[in-house]
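# Structure assessment
These are the residues of each chain, in order.
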Amino acid sequence: MIQAVAELNTENQIFYSVLVFSWAVYMWEAHLAKRQRKTYRNTTLVPEELGMIMDSETFEKSRLYQLDKSTFGFWSGLYSEAEGTLILLLGGIPFLWNVSGNLTGRFGLGSEYEITQSLSFLFLATLFSAITGLPWSIYNTFIIEEKHGFNQQTLGFFFKDAVKKFAVTQCILLPVTSLLLYIIKIGGDYFFIYAWLFTLIVSLVLVTIYADYIAPLFDKFTPLPEGELKTNIEEMARSISFPLTKVYVVEGSKRSSHSNAYFYGFF
């Protein structure tokens, strides 16, 4: 077998090496997840470390939920890995590139418009990914989350939210990608430096504007009113020198009954 691999040309050696590495990473992560599922199954009593902050009923609910999520993660991960492998082996990427070329060609754009073809390719690839991932997302939301009492979404809201997320992603992804490809095209021998600077700037801009302009497209943000909770949060932030400037309450109850808190921003 080693001799057969050695006889392959360099391109195929790299190709199969990538596949083997990808599956090796997946198998290692699946092994770790299997060990964790074993812990979920066998740990039926509240650990001593959590005895003062969690009762047995809450622990049991959490244990069963994490067990279901881990099992779901195994099967969805296996599907994703198998799908990616089949796409590579069956030439899915070149096929989609040709489809993109035919699509742009219908508008009178030839092969010299590689940036336009690349954007078409990217749009079709993300559309394919969204469609193939939809059944898994539906199962996770309306079977697992529903089973454990967390889901608050209707089917109509779910699809509306999915379409909105896809549209917002395209509005950001396609212009940024087109500029990046243009920089690579004109960048010469040092294109990678210019591309790195561009992606750095884009990342910083997105971090800066996300909370004010992107997140409100999906959830309602209202300032946390004055009171004991806000005071305690501000005091905790000051105690660790955290530069807290605003505190918002996110109305996420239309999606899930999970509780959550996070901080975001750059400046």
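Residue positions are given per chain, counting from 1 as you read along its sequence in written order. Only residues with pLDDT of at least 70 are given local features in this predicted model, and only at 80 or more are side-chain atom pairs given and counted; all residues enter the totals for whole chains, interfaces and linings. Note that the side-chain values use all heavy atoms of the structure and ignore hydrogens as well as water.

## Concerning the packing of aromatic side chains
- Ring geometry is summarised as follows: Phe, Tyr and Trp rings, the Trp one being its six-membered ring, pair when their centres sit within 6.5 Å, and such pairs are stacked at plane angles under 30 degrees, edge-to-face over 60 and tilted between the two. Per the stated rule, a full pass over the model turns up 13 aromatic pairs.
- A centroid spacing of 4.9 Å and a plane angle of 75° characterise the contact between F74 and W75, whose relative ring orientation is edge-to-face.
- Remark: exposure states derive from per-residue accessible area (1.4 Å probe, protein chains only) relative to the maximum for the residue type, with buried under 20%, exposed over 50%, and partly exposed in between. For W75, a relative accessible area of 48% gives the class partly exposed.
- One aromatic cluster in this structure is built from F72, Y79, W136 and Y139.

## Considering the pattern of salt bridges
- Counted as salt bridges are all cases of a side-chain nitrogen of Lys or Arg within 4 Å of a carboxyl oxygen of Asp or Glu. Applying the stated criterion across every chain yields a total of seven salt bridges.
- A salt bridge links K61 to E57, with the shortest nitrogen-to-oxygen separation between them at 3.6 Å. With a gap of four residues between them, K61 and E57 both fall in helix α3 (residues 56–89), about one helical turn apart.
- Using a relative accessible area of 55% as the deciding quantity, one classes K61 as exposed.
- Across the salt bridge formed by K165 and D161, the nearest N and O atoms sit 3.6 Å from each other. Taken together, the residues span about one helical turn, with K165 and D161 both in helix α6 (residues 155–186) at a distance of four residues.
- The exposure class of K165 is partly exposed, given its relative accessible area of 44%.
- For D161, a relative accessible area of 6% corresponds to the buried category. Strands are runs of DSSP state E lasting at least 2 residues, helices are runs of H or I lasting at least 4, and numbering of each runs from the N terminus.

## Comments concerning the packing of helix α5 (residues 114–147) against α6
- Comment: axis = line fitted to C-alpha atoms, over the contacting stretch for helices; angle = value between 0 and 180 degrees taken between N-to-C directions. Where α5 contacts α6, the two axes come as close as 10 Å, and the packing angle between them is 150°. Classified by the angle between their axes, α5 and α6 sit roughly antiparallel to one another. You can see that α5 and α6 cross each other, and the crossing is right-handed.
- All residues other than Ala, Val, Leu, Ile, Met, Phe, Trp, Tyr, Cys, Pro, Asp, Glu, Lys and Arg, Gly among them, are scored as polar; the first ten of these are nonpolar and the last four charged. For the contact of α5 with α6, the per-class residue count stands at 17 nonpolar, seven polar and two charged. Small angles under 35 degrees read as roughly parallel and large ones over 145 as roughly antiparallel, with 65 to 115 read as roughly perpendicular and the rest as oblique. By definition, any crossing whose near helix is turned counterclockwise from its far helix by less than a right angle is left-handed, and any crossing with a clockwise turn is right-handed.

## Section: the side chain of T104
- Locating T104 in the fold gives a position in helix α4 (residues 92–105).
- Within the local environment of T104, its side chain forms a polar contact with the backbone oxygen of G101, the two atoms lying 3.1 Å apart. Under this definition, polar contacts are N or O atom pairs within 3.5 Å; protein pairs additionally need one hydrogen-donor-capable and one acceptor-capable atom, and for neighbouring residues in sequence, both atoms have to be side-chain atoms.

## A few points about unusual backbone geometry
- Phi at S241 takes a positive value of approximately 60°, unusual for a residue other than glycine.
- As for its placement among the helices and strands, S241 is situated in the loop between α8 (228–239) and β2 (248–251).
- A relative accessible area of 66% means that S241 is categorised as exposed.

## Looking at the side chain of N151
- The residue N151 is located in the loop between α5 and α6 in this model.
- Among the residues examined, N151 registers a relative accessible area of 10% and is labelled buried.
- If we skip the residues at most four places from it in the chain, N151 touches T141, F142, E145, E146 and R255. We call two residues in contact whenever any of their non-hydrogen atoms come within 4.5 Å of each other.

## Observations regarding a positive patch on the surface
- Put simply, a patch holds well-exposed residues, over 30% relative accessible area, that have no salt bridge, with like charges counted together within 9 Å and Val, Leu, Ile, Met, Phe, Trp or Tyr side chains within 5 Å. For every accessible area listed, the method is Shrake-Rupley and the probe measures 1.4 Å; residues are considered covered only by the protein chains on display. Positive charge is attributed to Lys and Arg, negative charge to Asp and Glu, and no charge count is given to His or to the chain ends. The location of each charge is read from NZ of Lys, CZ of Arg, CG of Asp or CD of Glu. Side chains of K34, R35, K38 and R41 sit close together on the surface and give a patch of like positive charge.
- Here R41 shows up in helix α2 (residues 10–42).

## Focus: the confidence of the model for the protein chain
- Known as pLDDT, the predictor's confidence for each residue is given on a scale from 0 to 100. Here the protein chain averages 89 in pLDDT, and 96% of its residues register 70 or above.
- Within the protein chain, the element-level pLDDT minimum falls on helix α1 (residues 2–6), averaging 59, and the maximum on α5, averaging 95.

## Concerning α6
- Working rule for helices: expected span equals 1.5 Å times residues minus one. With 32 residues, α6 extends 46 Å between its outermost C-alpha atoms, agreeing within 8% with the 46 Å of an ideal straight helix rising 1.5 Å per residue.
- The set of residues buried in α6 consists of F158, D161, V168, Q170, T177, S178 and I183.
- Tucked inside the fold, the buried residues of α6 contact α5 and α7 (191–214).
- Of the residues flanking the end of α6, it is G188, one or two places downstream, whose phi is positive at about 70°.

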